[in-house]
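This is what each chain is made of:
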Amino acid sequence: MIDPIEILPGKCIVCLRRGSLQHYAGYFAWLNASICATCTVRQAEPLSLVLLWAKAKGGPEACKLPASSWVSYVAPDYIGWPKICALYPEAIESMLDILVSELGPEITQCFEKPVKIIKL
Ligand SMILES: [Zn+2]
């Protein structure tokens, strides 16, 4: 089996800082990524992934559980769920624009209706 490629090697997946890192084990623990001690203590999640996850689930309103207690990072500070929701409309559109330009318009089909995630 091939080891999954680490996302952002040498950097914290949440705040992108370098330094003392450990294996990320947050909500998206299937990611092979690292997280710094500060983000670990804050239990922070990576913003871009939170936004895409919210889009796939049908938008922030559909995600209050479990996300309403989540924290993320936008330089220079940590932000809570209300601020994540406030950023969502503009941020998700620019992220989708990037995905479409990189991967083609088919990628938007992933977000046309909430994706049902099956846990094994
Ligand atoms: Zn960090």
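For the structure itself, look to the data block above.
Residues numbered from 1 in each chain as written. Predicted model: local features only at pLDDT ≥ 70, side-chain atom pairs only at ≥ 80, totals over all residues.

Focus: the overall build of the protein chain
So, step 1. Counting secondary structure elements, the protein chain contains four helices and five strands.
So, step 2. Tracing the protein chain from N to C terminus, the helices and strands come up as β-β-β-α-α-α-β-β-α.
So, step 3. Taking 2.2 N^0.38 as the reference for a compact globule, 120 residues should give roughly 14 Å; the C-alpha atoms of the protein chain span a radius of gyration of 15 Å, in line with that estimate.
So, step 4. Summarising its shape, the C-alpha atoms of the protein chain cover approximately 40 × 40 × 30 Å along the three principal directions.
So, step 5. Looking at the protein chain as a whole, 19% of its 120 residues qualify as buried. (Helix = DSSP H or I, 4+ residues; strand = E, 2+ residues; numbered from the N terminus. Rg over C-alpha atoms; globule rule 2.2 N^0.38 Å. Buried ≥ 20, exposed ≤ 12 C-beta atoms within 10 Å, placed from the backbone.)

A look at the pairing of strand β3 (residues 33-36)
So, step 1. Side-chain alternation along β3 places Ala-33 and Ile-35 on one buried face and Ser-34 and Cys-36 on a second face that is also buried.
So, step 2. Pairing of strand β1 (residues 7-12) with β3, which is carried by two bridges, proceeds in the parallel orientation. Paired with Ile-7 across the two strands is Ala-33, which belongs to β3.
So, step 3. Bridge count for strand β2 (residues 21-23) against β3 is three bridges, and the pairing is antiparallel. Note on β3: the bridge partner recorded for Leu-21 is Cys-36. (Pairing = 2+ DSSP bridges.)

Description of unusual backbone geometry
So, step 1. The peptide bond linking Leu-65 to Pro-66 adopts the cis configuration, its omega dihedral lying at 10 degrees.
So, step 2. With respect to the secondary-structure elements, Pro-66 resides in helix α3 (residues 64-67).
So, step 3. Cis geometry marks the peptide bond from Ala-75 to Pro-76; its omega dihedral reads 10 degrees.
So, step 4. Looking at the element boundaries, Pro-76 is found in the loop between β4 (71-74) and β5 (77-80).
So, step 5. Positioned with a positive phi, Gln-43 is a non-glycine residue whose angle comes to about 55 degrees.
So, step 6. One can find Gln-43 in the loop between α1 (37-42) and α2 (47-57).

What about the sheet that holds β2?
Strand pairing within a sheet occurs via backbone hydrogen bonds; the two strands may be parallel or antiparallel.
So, step 1. Strands sit in the order β1-β3-β2 across an open sheet of three strands; the sheet is mixed. Looking at strand neighbours, the two that pair on one side only are β1 and β2, the edges of this open sheet. For this sheet, the mean inter-axis angle between neighbouring strands, taken without regard to orientation, is 30 degrees. (Axes fitted to C-alpha atoms, helices over the stretch in contact; angles between N-to-C directions.)

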